[in-house]
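Descriptive analysis of the structure
The chain contents come next:
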Amino acid sequence: MFKGVIAIDQIYMKRAIELAKKGEGYVNPNPLVGAVIVKDGKIIGEGFHRGYGKNHAEVDAFESLIESPIGATIYVNLEPCSHFGKTPPCANRIVAEGIKRVVIAMKDPNPLVSGNGIKILKENNIDVTVGVLEEEATKLNEIFIKYITTGIPFFIVKTAMTLDGKIASYTGDSKWITGELAREKVHKIRHRMSGIMVGIGTVLKDNPSLTTRLNMKDTMDPHRIIVDTSCRIPLDSKVLNLDSKSKTIIVTTENASDGKIKRIKDKGAEVIILPKVNGKVDLKALAIKLGEMKIDSVLIEGGSSLNYSAFDAQIVDKVMAFIAPKIIGGVEAKTPVGGDGIKLIKDSINISCLEATKIGDDILIEGYVRKD
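Here's what I pulled together on the structure shown here.

About the thresholds
In this convention, every chain numbers its residues from 1, walking through the sequence in written order. Selection of residues for local features in this predicted model requires a pLDDT of at least 70, selection of side-chain atom pairs for listing and counting requires 80 or more, and totals for whole chains, interfaces and linings are taken over all residues. Hydrogens and waters are ignored; side-chain quantities use all the structure's heavy atoms. Each cavity reported here is a set of points on a 1 Å grid over the protein atoms alone in which a 1.4 Å probe fits but cannot get out, each pocket an open set with protein on both sides within 12 Å along at least five of seven lines, and each lining residue one with an atom within 4 Å of a point. Grid points are joined across faces, edges and corners, and a volume is the space filled by probe spheres set on the points. Helix numbering and strand numbering both begin at the N terminus, where a helix is a DSSP run of H or I of at least 4 residues and a strand a DSSP run of E of at least 2. Residue type decides the class: Asp, Glu, Lys and Arg count as charged, Ala, Val, Leu, Ile, Met, Phe, Trp, Tyr, Cys and Pro as nonpolar, and the leftover types, Gly among them, as polar. Burial classes follow relative accessibility: with a 1.4 Å probe on protein chains only, a residue under 20% of its type's maximum area counts as buried, one over 50% as exposed, and anything between as partly exposed. Asp and Glu are treated as the negative residues and Lys and Arg as the positive ones, with His and the ends of the chain left uncounted. Take a side-chain nitrogen of Lys or Arg and a carboxyl oxygen of Asp or Glu: if they are within 4 Å of each other, that pair is a salt bridge. Strand pairing is defined by DSSP finding a minimum of two bridges between the two strands. Helix axes are fitted to C-alpha atoms over the stretch in contact, other axes to C-alpha atoms as well, and angles between N-to-C directions run from 0 to 180 degrees. It only takes one pair of heavy atoms within 4.5 Å for two residues to be counted as in contact.

**A short note on the layout of surface pockets**
By volume, the second largest pocket is sized at about 840 Å³. Forming the boundary of the second largest pocket are 27 residues, of which Lys21, Glu24, Lys139, Lys185 and Lys318 lie nearest the centre. Elements that contribute at least two residues to the lining of the second largest pocket include exactly helix H1 (3-21), helix H5 (134-140), helix H6 (142-150), strand S6 (154-162), helix H7 (180-192), strand S14 (318-324), strand S15 (351-359) and strand S16 (362-369). It is H7 that contributes the most residues to the lining of the second largest pocket, five residues altogether. A class-by-class count of the residues in the lining of the second largest pocket yields 12 nonpolar, two polar and 13 charged.

**What about helix H11 (residues 304-312)?**
Within H11, seven of the nine residues are buried, which leaves the element mostly enclosed by the surrounding structure. Where H11 ends, the next residue or the one after it, Gln314, has phi of about 60°, a positive value.

**Overview of the side chain of Asp282**
Along the chain, Asp282 turns up in the loop between strand S12 (280-281) and helix H10 (283-292). Here Asp282 occupies a buried position and makes no salt bridge, while the nearest side chain of opposite charge, Lys284, is found at 7.3 Å.

**What about the sheet that holds strand S2 (residues 42-48)?**
Pairing is mixed across the open sheet formed by five strands, whose spatial order is S2-S1-S3-S4-S5. Each of the sheet's edge strands pairs with one partner strand only, and the pair in question is S2 and strand S5 (127-130). Ignoring strand direction, the axes of neighbouring strands in this sheet form an average angle of 15°. One ladder, built from four bridges, connects strand S3 (residues 73-76) with strand S4 (residues 101-104); its direction is parallel. Counted as the bridge partner of Thr73 is Arg101 from S4. The sheet contacts of helix H4 (residues 116-123) involve S4 and S5, and relative to S5 the element is tilted by about 150°.

**Topic: the sheet that holds strand S8 (residues 223-227)**
Spatial ordering of the open sheet is given by S10-S9-S8-S7-S13-S6-S14-S16-S15, a layout of nine strands whose pairing is mixed. Only two strands of the sheet have a single partner each, and these edge strands are strand S10 (270-273) and S15. The sheet shows a mean angle of 20° between the axes of neighbouring strands, taken without regard to direction. Those strands touched by H7 are S6, strand S7 (195-199), strand S13 (297-300), S14, S15 and S16, and its axis lies near 160° from that of S14.

Shown next as structure tokens:
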């Protein structure tokens, strides 16, 4: 293929990816998908998946057409679906509309789709190109890829610490370590995720709402997941007294009394009882349970104890560490990951594919937990 064609394909695929991002927070557990229809060198239609159960990106793009799509090219960051779900197959719609060429960033990892959509297109004499901006498309839908292939949510541990690695002073004061722009970024992450998880220690200390606060319409609150081995949560906690469309989920064990569980349920919260591992909630069992509840992603914003337990249970996929240019010191000041700790350096948890971004005065470092 000529370099000029490749460059043009990348330009339109970038647009499809940007459109796909508009669905963040609204489509879970579906993927983020954008579509751009091009004819005679101009865009004649574009769209994106706007919400779970709503039109897929391709259909949304077709409904925006300003002229006939016969002979046109459609760019889509994920292979068009080939099965009947909440909406009809997009591959069939593309054929029916008379599209001549389809450019796809990546195959759909969903076993119900993978390769079948491409097969339908090729069987109908449509030219198909796969792999344009595949790396960008894969990162965009990293949550969907893990969830659709494993049934387990994508877990992110988010921390905010000083330059000397402290999440609070020795007195427990932690507001605010990072600046306003970094905190706004965190709320954008919350908007994107299906769940936010903290331990009971955080609830007892800070009494957080765990909601999303952004200056935008239709902000989505993640489901609030509280890990509470003995059901110590106070009934007047903010998370049990919110006006929110999302759930509050208390995760506990047989340590909890039936009376306390009933009072929590009377507040409208959901209670999950799981087995214990080393005296604490079994987080691996919790990951499976949350997946069954169609929670495809969880932001862990807990304290050092929960963070360590999550790493120890090997459920963490990604780390997002906000670092503020501050020094507070203190032997008793807590660090982002506490718990028992790892005995030998050779057994440490390694983070790969690091990226650093400056956000105001702070720095965000992102990376993925190596699973090998």
